[in-house]
Structures are given as C-alpha cells and as structure tokens.
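Below, each chain spelled out in residue letters.
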Amino acid sequence: MLRTPEEIALLSTAQEPGIRNPARSEHGPEEILGDFFADVSLSGQRVLELGPGHYEFCEAIARRGARAEAIELDPPVIELGRRRGFRVWPGNLLHLPSLEVEPGFDGLFCKGSNNPFWFYGHEAALRNYIAKMAGLVRPDGWLWVVSCPFSNPALPPTEFGRWLDVEAAIYRELGFREWVPPHRLAAAYYGISFEHPRLAVFTKGLPPHRWSAATLARLPWFAARVAARRAGRVFAR
Ligand SMILES: C[S@@+](CC[C@H](N)C(=O)[O-])C[C@H]1O[C@@H](n2cnc3c(N)ncnc32)[C@H](O)[C@@H]1O
C-alpha cells in the first residue's frame with residue numbers, strides 16, 4: 001500500500017503496472033501469517049523477501065518483531081523500501097546465484113517475484129536457482145514461495161503445465177511441501193492472483209497449511225468483496 005503523495009509519485013515510474021497502481025490490494029500477508037505460520041514466532045528473526053512490491057509482507061513481519069530485508073531490481077521499489085527503513089539488496093533475481101547478499105537468513109518469502117520460465121528447458125539451471133534460494137536460509141529456517149509463471153507466448157500450451165510440473169518436482173525433491181489452493185478464491189485470499197491450474201505454494205520448515213478460525217469466518221466476506229469488485233461496486237467492510 002502506498003501511503004503518501006510522495007510514495008505514489010515515486011512508484012509511478014515502477015516497471016510493473018501492478019506496482020505503479022496505488023490502489024493495489026494489500027490483502028494477503030496477514031492471512032498468510034495466520035494460516036501458514038501458526039505458532040511460529042518471528043520475533044528476532046532476520047527474513048528476506050524476494051521482490052517486495054509495496055513491502056506489505058516486510059511490514060507485517062516487522063510488526064511481529066522480525067527484521068525484514070529484500071532483494072529488488074527496480075530502483076523506485078528499492079527506494080521505497082529504504083525510505084521505510086528496510087535493508088534492500090539491489091539485484092536481478094535471475095542472477096540470484098551470484099548476487100551479493102549476506103546469507104544465513106531465518107526465513108525467506110517470495111510471492112510472485114520469481115519465474116520458472118526464466119529457465120525454460122534448462123532443468124539443471126532451475127534446480128540450481130531453487131537450491132541457491134533455499135541456501136540463503138539457515139538449515140533449520142523456513143521458506144514460503146509462490147512463483148509467477150509468465151511463459152513465452154510462443155511456447156506450445158502443453159509446455160506450460162509440463163514445465164510447472166518440473167518445477168514442482170524440484171521443490172519436492174529439495175524437501176519442500178506443496179499446498180494447492182482448492183479454489184481461485186482461496187488463492188486470492190492470500191494475495192495470489194495468478195489464475196492457472198498448476199498454482200502451488202511451496203513451503204519448507206513451516207507447519208502444514210491450516211484453515212484458521214479467522215479465515216473461515218472471513219471467507220464469505222472476502223467472496224462478497226471479490227464479487228462486488230468484479231461487478232464494479234464499492235464494498236464497505
Ligand atoms: C508481482 S510483484 C510482487 C510483489 C509482492 N511480493 C507481492 O506479493 O505483492 C514482483 C516484485 O518483484 C520485483 N521483480 C520482478 N522481477 C524481478 C527480478 N528479476 N529481480 C528482482 N526483483 C524483481 C518487482 O519489481 C516487484 O517488486
């Protein structure tokens with residue numbers, strides 16, 4: 001969420017249209033923490049986010065006593081993080097294995113900032129990327145990852161799902177757990193907006209996903225909000 005005219009002006013030149021949008025939904029981080037981090041204390045932890053956008057997750061974990069850092073490519077997004085007091089490591093995730101980042105994090109979060117199609121056709125390179133990402137975290141630390149799978153439009157449609165299966169197999173091989181949202185609405189509830197049938201959350205070092213009482217109580221409200229937005233209506237809390 002962008003809070004001031006200065007932040008809105010700063011992000012007006014961001015590379016991604018969604019990040020330029022001051023009305024971008026801030027929904028997700030609190031819901032993720034409620035349902036994937038049950039009984040996990042983040043207090044005192046050093047946590048890395050890949051591609052933080054408007055820094056909603058960084059801020060949510062800072063409220064729980066964690067120290068958030070980020071890797072980001074886009075100068076206005078880097079500047080936003082620094083203005084808000086976060087340590088931001090500039091760099092292109094594509095070159096993650098060679099980026100200058102102090103490792104040893106307690107946790108790593110990535111929602112929609114890495115793309116398995118960067119390595120399409122090169123399974124070893126994709127495995128190397130995922131392994132390097134996991135290696136930034138201490139062996140007893142945690143990771144929560146959702147990829148952003150934008151494929152090359154020239155690719156045959158069957159290759160899209162096949163390559164995401166390859167990605168999922170690598171995550172499983174490296175000890176990650178896979179959680180598949182049962183419905184698009186559930187994904188949207190966690191701020192994951194990509195609509196494709198192979199959407200999965202990969203986690204390591206965290207308890208299995210559970211539907212918290214808060215989520216079960218709020219889902220009908222959320223569904224009504226989504227429906228109202230789709231119909232172009234304003235929906236009050
Ligand atoms: C889709 S947004 C997701 C933002 C945030 N994680 C969220 O869930 O709201 C992707 C973020 O990653 C950054 N990003 C995209 N490609 C990147 C790359 N190759 N290297 C580093 N950051 C990148 C964008 O600038 C943006 O901050």
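Preceding block: the structure.
Here the structure is a predicted model, which is why all the values come from computation and not from measurement.

## Looking at the site of the ligand
Then, in step 1: For the ligand, the set of nearby residues contains 20 residues, the closest of which are Gly-51, Gly-53, Leu-73, Leu-93 and Ser-113.
Then, in step 2: Put simply, the parts of the chain that give the shell around the ligand at least two residues each are helix H2 (17-20) and strand E2 (67-72).

## Observations regarding the environment of Val-77
Then, in step 1: Relative to the helices and strands, Val-77 resides in helix H5 (residues 75-83).
Then, in step 2: A residue is classified by how many C-beta atoms lie within 10 Å of it, and Val-77, with 24 of them, is buried.
Then, in step 3: Separated by 41 residues in the primary sequence, Val-77 and Trp-118 place their C-alpha atoms 21 Å from one another.

## Regarding helix H9 (residues 213-230)
Then, in step 1: Taking 1.5 Å per residue as the helical rise, H9 with its 18 residues ought to reach 26 Å, and the 26 Å between its terminal C-alpha atoms agrees with that figure.
Then, in step 2: For H9, the principal kink sits at Leu-219 and spans about 40 degrees; a proline, Pro-220, occurs within the next four residues.
Then, in step 3: The buried fraction of H9 is low, at zero of 18 residues.
Then, in step 4: Looking one or two places after H9, you find Gly-232, whose phi comes out positive at around 80 degrees.

## Describing unusual backbone geometry
Then, in step 1: Although it is not a glycine, Asp-39 sits at a positive phi angle of roughly 65 degrees.
Then, in step 2: Positionally, Asp-39 belongs in the loop between helix H3 (29-36) and strand E1 (46-50).
Then, in step 3: We classify Asp-39 as exposed; it has 5 C-beta atoms within 10 Å.
Then, in step 4: Notably, Tyr-55 is not glycine yet its phi reads approximately 65 degrees, a positive angle.

## Some words on the nonpolar core
Then, in step 1: One finds Leu-48, Leu-108 and Trp-144 to be the most contacted residues of the largest nonpolar core, which totals 51 residues.
Then, in step 2: The element best represented in this core is strand E5 (residues 137-146), accounting for six residues.

## Quick word on the packing of H3 against helix H4 (residues 56-63)
Then, in step 1: Where H3 contacts H4, the two axes come as close as 9 Å, and the packing angle between them is 55 degrees. The orientation of H3 with respect to H4, classified from their angle, is oblique. Every residue of H4 that contacts H3 at Pro-29, Glu-30 and Leu-33 is listed here: Glu-56, Phe-57 and Ala-60.
Then, in step 2: Grouping the constituent residues of the contact of H3 with H4 by class yields four nonpolar, no polar and two charged.

Criteria and thresholds
- For every chain, the first residue of the written sequence is number 1, and numbering continues from 1 onward in sequence order.
- Side-chain atom pairs in this predicted model are given and counted only at pLDDT of 80 or more, local residue features only at pLDDT of at least 70, and totals for whole chains, interfaces and linings cover all residues.
- Here, nearness is defined through the C-beta atom: a residue counts as near a molecule or strand if that backbone-placed atom lies within 6 Å of it.
- Secondary structure follows DSSP: runs of H or I at least 4 residues long count as helices, runs of E at least 2 residues long count as strands, and numbering of each begins at the N terminus.
- Backbone-placed C-beta atoms define the burial measure: a residue is buried with 20 or more other C-beta atoms within 10 Å of its own, exposed with 12 or fewer, and partly exposed in between.
- Here, expected helix span is obtained from the residue count minus one, scaled by 1.5 Å.
- What the bend at a residue measures is the angle between two axes, fitted to the seven residues ending there and to the seven starting there.
- Put simply, a nonpolar core is a cluster of buried Ala, Val, Leu, Ile, Met, Phe, Trp, Tyr and Cys residues tied together by C-beta atoms within 7 Å.
- Helix axes use the C-alpha atoms of the stretch in contact, all axes being lines fitted to C-alpha atoms, and the angles between their N-to-C directions lie in the range 0 to 180 degrees.
- In this scheme, roughly parallel covers angles under 35 degrees and roughly antiparallel covers those over 145, while 65 to 115 is roughly perpendicular and the rest are oblique.
- Residues are treated as contacting if the C-beta atoms built from their backbones sit within 7 Å of each other.
- Residue polarity follows a fixed list, in which Ala, Val, Leu, Ile, Met, Phe, Trp, Tyr, Cys and Pro are nonpolar, Asp, Glu, Lys and Arg are charged, and the others, Gly among them, are polar.

No statement about biological role is implied by the geometric values presented.
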